[in-house]
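Spelled out from the first residue to the last, the chains are:
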Amino acid sequence: MATRPITLFGGQWTDLSFDVFCEKARKFGYDGVEIPCSPGYFDVTLALKDEHYVDKVWSTLSKHGLTCYALSNHLVGQAVCDLVIDERHKKILPAEIWGDGVPENIRKRAAQKMIDTAKAAKLFFSKSPKKTHISPIVTGFTGSSIWHSVYPFPPIDKEYWERGFDDFAQRWTPILDEFDKHGVNFALEVHPSEIAFDIFSAQKALSAIKEHPRFGFNFDPSHFGYQGVDYVKFIYTFGKRIFHCHVKDVWWGKGDGTIGVFGGMSSFGDPRRYWEFRTPGRGNIKFEDIIVALNYVGYTGPLSVEWEDPFCDREHGAQEALQFVKKISFPPAAHTFDVNFGK
């Protein structure tokens, strides 16, 4: 197996035009990009209405010598299950999803948009000039109706949490059925504020949707480390359910003891914080252990750098991250090292 392609996630770059972002990604040396469904980057509605739209997106990618293996629709997916929908969501959702501002109506429109995203992804990846063994992927969030109850006070019984997983299954199973119809995988980024935020809750989510074949994970170790969750164990636990992989680092055990693991309602970059996202290679994540585990479970998809670091220049960080990933990524052994000893 060749080394995995290295891509750059566009979510943190949408202040630039898509063309400029692609130009920079190629200049940095990336193989491709993970494209967010954001204005000016990938428009789900236009992809389904304008027969030339996806060709134009591929034309921009090809102009810069890039490819794509995944679309992202994190922001819309968040609204499908969230119990509390307020001004935070209004800031991140497309106007047509926010609409009348009625929470249940927003959830329903968000669910339909995720279905449309599956249709658009099928169309988009069918036009790829470079054929690949990797199934079309949409990465994203699910939201959660029970995230607010993670700390169990007032006291909560298990039935309360079960109703949350039932709500997730009720809302997402029809979406995943449409993903299946169109041959597209949905990769949940396991993350605080989602229905799955650690190994246990990921197992519960998978069980709730009856191990739907199109439901898997966008593995991102940065969301596990500071929680105390074994991020390497996550890979061995879910194996083939890992549809996509983010490369992002985090450090923890920092700060001055003022702000703990919950973040203290502080902003990223506050020197009092216990943890921060970091440029790959500058945090505590043991990436060599991750690559060994990914090789063991047979993951052959992209390694997508999601650059987030409050202490580092964005372009410097993206370039440094690429060199780091090139250094730590390696293909699995074709056979055991002692295979020839008895010959």
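In this report, we go over the structure that sits alongside the text. In this text the structure is predicted, and so the values were computed from the model without any measurement.

**Here's the deal with the pattern of salt bridges**
One pass over the structure, following the stated rule, counts 20 salt bridges. Note that Asp 55 is salt-bridged to Lys 127, the shortest N-O span being 3.6 Å. In this pair, Asp 55 is assigned in helix α3 (residues 53-63) and Lys 127 in the loop between α7 (103-126) and β4 (137-140), connecting sequence segments 72 residues apart. By relative accessible area, Asp 55 is classed as partly exposed at 35%. Lys 127 sits in the partly exposed class, given a relative accessible area of 34%. A salt bridge links Glu 96 to Lys 113; its shortest N-O distance comes to 3.7 Å. Taken together, the residues span a long stretch of sequence, with Glu 96 in helix α6 (residues 95-98) and Lys 113 in helix α7 at a distance of 17 residues. The exposure class assigned to Glu 96 is partly exposed, which follows from its relative accessible area of 47%. Judged by relative accessible area, which is 10%, Lys 113 ranks as buried. Linked by salt bridges that have partners in common, Glu 104, Arg 107, Asp 167 and Arg 171 make up one network.

**Here's the deal with the packing of aromatic side chains**
The description of an aromatic ring pair uses the distance of the two centres, along with the angle that the planes make with each other. Here the structure, examined in full by the defined rule, presents 27 aromatic pairs. Residues Trp 275 and Phe 277 carry aromatic rings whose centres are separated by 5.1 Å and whose planes lie at 70 degrees to one another, so their mutual orientation is edge-to-face. Across the pair, exposure class does not vary: Trp 275 and Phe 277 are buried alike. Each residue in the set Phe 168, Trp 172, Phe 179, Phe 186, Phe 215, Phe 217, Phe 219, Phe 224, Phe 234 and Phe 238 is aromatic and connected to the rest through ring pairs, giving one cluster. Stacked on the ring of Trp 275, the Lys or Arg Arg 273 has its end atom at 4.8 Å from the ring centre.

Parameters at a glance
Residue numbers run consecutively from 1 along every chain, following the written order of its sequence. Thresholds applied to this predicted model are a pLDDT of at least 70 for local features of residues and 80 or more for the giving and counting of side-chain atom pairs; totals over whole chains, interfaces and linings are not thresholded and use all residues. With hydrogens and water stripped out, all remaining heavy atoms of the structure feed into the side-chain values. Put simply, a salt bridge is a Lys or Arg side-chain nitrogen that is within 4 Å of an Asp or Glu carboxyl oxygen. Each helix corresponds to a stretch of at least 4 residues labelled H or I by DSSP, and each strand to a stretch of at least 2 residues labelled E; elements are numbered beginning at the N terminus. The rule is simple: take the accessible area with a 1.4 Å probe, protein chains only, and divide by the maximum for that residue type; under 20% is buried, over 50% is exposed, in between is partly exposed. For this analysis, a ring pair means two rings from Phe, Tyr or Trp (six-membered ring only for Trp) whose centres lie within 6.5 Å, classed as stacked if their planes differ by under 30 degrees, edge-to-face if by over 60, and tilted for the remaining angles. The rule for a charge over a ring is simple: NZ of Lys or CZ of Arg within 6 Å of the ring centre, and within 35 degrees of the ring normal.

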